[in-house]
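An overview of the molecular structure
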Amino acid sequence: MSVYDQQSQSGFVLRFVLSMVVLTTAYSYVEPLFGYTYLYPLSLVSATLLDLSGVPNDLSAFIDQGFCALQMERNLFHIEYECTGVFTLCIYLVTVVVYPVAWVAKVRGVALGVFAFFAYGVLRVFGLGLISHWLPSWLEFFHIYLMVALNLGFLLFLWAFWVKRWTIHLPDKK
C-alpha cells in the first residue's frame, strides 16, 4: 500500500468521524424537519400500503414527540426515527460526502441514498405491519434481529453499489 493510499484512507476516516460528530450535533436541531419531511411521509405511505393490502390501520402523527402511531388490529406501532432507517441514511450520506470523488458523483449518491432509504424504510414498516397481522409471534424476531442486520446490509450494499457504479474517481495525486 502506498503512502498516498494510507493518507487517503486515514483522511477518509478522519473526515468521516468529524462529519458524524457534526451531523449528530446538527441533527438535534433539525429533528422536527426530519419528522415532517421523512418520518411522517414514510409512515403515511406504509400505512396506505397496509390498508391496500387488507390490513386496516389508523395513523396518527406525534412529530413533536418524535414518532407516528400506527394502530392496527393486533398491534400499535410507534414508528420512530430508528424504524425509518434515518440514522443509517445519515451514515450513508456522510460516507458519500467524504468519499474522494467528484461532486457530481456525490450529488448522485445523495439522491440515490435518499430515494433508496425512503423506499427501504417504507418496505420495512410495511413488512413488519404484515408480519404483525399474519404472524404476530414472529414480530419480535423480525423487528429486533433481522431488520437490524438488514439495515446494515442495505447500507453496505448501497454504498458499494454507488462506489462501484456511480462514482467518477478523481485523478491520483502524485
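Quick summary incoming for the structure in this document. Keep in mind the model is a prediction, meaning the values are calculated, not measured.

Each value, and the rule that gives it
Residues numbered from 1 in each chain as written. Predicted model: local features only at pLDDT ≥ 70, side-chain atom pairs only at ≥ 80, totals over all residues. Heavy atoms only, no water. Core = buried A, V, L, I, M, F, W, Y, C linked by side-chain atoms within 4.5 Å. Buried < 20%, exposed > 50% of the residue type's maximum accessible area, 1.4 Å probe, protein only. Helix = DSSP H or I, 4+ residues; strand = E, 2+ residues; numbered from the N terminus. Patch = residues over 30% accessible without salt bridge, like charges linked within 9 Å, V, L, I, M, F, W, Y side chains within 5 Å. Areas by Shrake-Rupley, 256 points an atom, 1.4 Å probe, with all protein chains shown as cover. Salt bridge = Lys/Arg side-chain N within 4 Å of Asp/Glu carboxyl O. Polar contact = N/O pair within 3.5 Å; in protein donor to acceptor, adjacent residues only side chain to side chain. Contact = heavy atoms within 4.5 Å. Phe/Tyr/Trp six-rings, centres within 6.5 Å; stacked < 30°, edge-to-face > 60°.

Some details on the nonpolar core
Residues L70, I79, Y92, F117 and W162 are the most contacted members of the largest nonpolar core, which totals 44 residues. Within the residue set of this core, elements represented by two or more residues are α1 (3–52), β2 (67–72), β3 (76–80), α2 (81–84), α3 (86–98), α4 (103–134) and α5 (139–166). Broken down by element, the residue count for this core peaks at 11 residues, all from α4.

Here's the deal with a nonpolar patch on the surface
The grouping of W134, L135, W138, F141, I144 and Y145 at the surface amounts to a nonpolar patch, some 700 Å² of accessible area in total. For Y145, the location among the structural elements is in helix α5. With a relative accessible area of 54%, Y145 lands in the exposed category.

Re the side chain of T167
Looking at the secondary structure, you find T167 in the segment after α5. A relative accessible area of 14% places T167 in the buried class. A distance of 2.6 Å separates a polar side-chain atom of T167 from the backbone oxygen of V163. Each residue touching T167, except ones within four places of it in the same chain, is listed here: V101, A105, R108 and W162.

Some remarks on the packing of aromatic side chains
In total, this model carries 13 aromatic pairs according to the counting rule given. Centroid distance F117 to F154: 5.0 Å. Interplanar angle 80°. Geometry classified as edge-to-face. Remark: F154 occurs in helix α5 and F117 occurs in helix α4; sequence separation between them is 37 residues. Across this residue pair, the class does not change: F117 and F154 are buried.

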